[in-house]
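If you want the building blocks of each chain, they are given just below.
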Amino acid sequence: GRGAFAGCCSLTSISLNVGLESISMAAFLDCSSLSSITLPAGLKSIGDSAFIGCSALASVSFPDGLASLSNSAFSRCSSLPSVALPASVTAIGSCCFQGCTSLASIRLPAGCTSVRSGTFAGCSSLTSVALPAGLTAIGSAAFSSCSSLATVTLPAGLTSIGDQAFIGSSLTSI
């Protein structure tokens, strides 16, 4: 349920049972010692702020079939170095990975059509982003303060770029 394990500062790893379909809002909020997560097959959604502030989180295994990550789901997970989302993910919430200062690379799945507001804001180690061909929109401040991001290739079908989408980045070529 909501906030079920919030603030469990001694929790270091979790392996959730097969059959779990969703992780509730703030379920593991501020579990500051949590370093690895194995998410079960059959998981469909991760709720708002589910893992926000899990500052030691260095490894997340996302299952095939996962459809959505809600707003701020992994915000401020400052030890997370990379994210490989399965092809099944079609929705990534606003600020989902905001403040993940160790995040160096991200590959968005082909079915993802938008990067919402603040999704990767403050990911200061982000050097590369693989944007899918079907991406049509980049929201406001989506990549703001990504101070290591020097190059981005925008897909041909992109129709909208929000205010300050790349402000504070180190872009040298587009």
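Residues numbered from 1 in each chain as written. Predicted model: local features only at pLDDT ≥ 70, side-chain atom pairs only at ≥ 80, totals over all residues. Heavy atoms only, no water.

On to the overall build of the chain, then. Scanning the chain from N- to C-terminus turns up zero helices and 13 strands. Order of helices (α) and strands (β) in the chain, N terminus to C terminus: β-β-β-β-β-β-β-β-β-β-β-β-β. On C-alpha atoms alone, the chain measures out to a radius of gyration of 15 Å, which is about the 16 Å that the 2.2 N^0.38 rule sets for 174 residues. With the C-alpha coordinates of the chain rotated into their principal frame, the extents come out at 45 × 25 × 20 Å. The proportion of buried residues among the 174 residues of the chain is 41%. Residue pairs in contact within the chain that sit at least 24 positions apart in sequence constitute 20% of those at least 6 positions apart. A gap of 1 Å separates the mean positions of the 5 positive and 5 negative side-chain charges of the chain. (Helix = DSSP H or I, 4+ residues; strand = E, 2+ residues; numbered from the N terminus. Rg over C-alpha atoms; globule rule 2.2 N^0.38 Å. Buried < 20%, exposed > 50% of the residue type's maximum accessible area, 1.4 Å probe, protein only. Contact = heavy atoms within 4.5 Å. Lys, Arg positive; Asp, Glu negative; His and termini not counted. Charge placed at Lys NZ, Arg CZ, Asp CG, Glu CD.)

So, about the sheet that holds strand β10 (residues 114-115). Pairing within the open sheet is parallel, and its three strands lie in the order β10-β12-β13. Strands with a single pairing partner mark the edges of an open sheet, and in this sheet they are β10 and β13 (160-161). Pairing between β10 and strand β12 (residues 137-138): two bridges, direction parallel. Note that in β12 the partner of V115 across the bridge is I138. (Pairing = 2+ DSSP bridges.)

Another aspect to go through is the environment of I106. Tracing the backbone shows I106 in strand β9 (residues 105-107). As a C-alpha pair, I106 and I23 span 83 residues in sequence and 22 Å in three-dimensional space. Apart from the residues lying within four places of it in its own chain, the contact partners of I106 are V83, F120, L126, S128, V129 and A130.

A few words on the packing of aromatic side chains. By the definition in use, this model includes eight aromatic pairs. Note on F28 and F51: the rings are 5.2 Å apart at their centroids and 0 degrees apart in plane angle, and the pair reads as stacked. Here the residue F28 occupies a position in the loop between β2 (22-23) and β3 (36-38), and F51 occupies one in the loop between β4 (45-46) and β5 (59-61), the gap between them amounting to 23 residues. By relative accessible area, which is 0% here, F51 ends up buried. Within the aromatic cluster, the residues linked to one another by ring pairs are F5, F28, F51, F62, F74, F97, F120, F143 and F166. (Phe/Tyr/Trp six-rings, centres within 6.5 Å; stacked < 30°, edge-to-face > 60°.)

Turning our eyes to something else, we now look at the pattern of salt bridges. Throughout the structure, instances matching the rule amount to one salt bridge. Of the charged contacts, one joins D30 and R76 as a salt bridge, the two residues approaching to 3.3 Å between their closest N and O atoms. Residue D30 is found in the loop between β2 and β3, and its partner R76 is found in the loop between β6 (68-69) and β7 (82-84); the two are separated by 46 residues along the sequence. With relative accessibility at 30%, the residue D30 sits in the partly exposed group. (Salt bridge = Lys/Arg side-chain N within 4 Å of Asp/Glu carboxyl O.)

The next point concerns unusual backbone geometry. The phi torsion at A26 lies on the positive side, around 60 degrees, for a residue other than glycine. Among the structural elements, A26 can be located in the loop between β2 and β3. With relative accessibility at 15%, the residue A26 sits in the buried group. Of note, R76 is a non-glycine position whose phi angle comes to about 65 degrees, a positive value. A relative accessible area of 43% places R76 in the partly exposed class.

Quick look at the side chain of S94 now. You can see S94 is positioned in the loop between β8 (91-92) and β9. Look at S94 and you get buried, because its relative accessible area is 16%. Once residues within four sequence positions are removed from consideration, S94 is found in contact with N71, S72, R116, S117 and T119.

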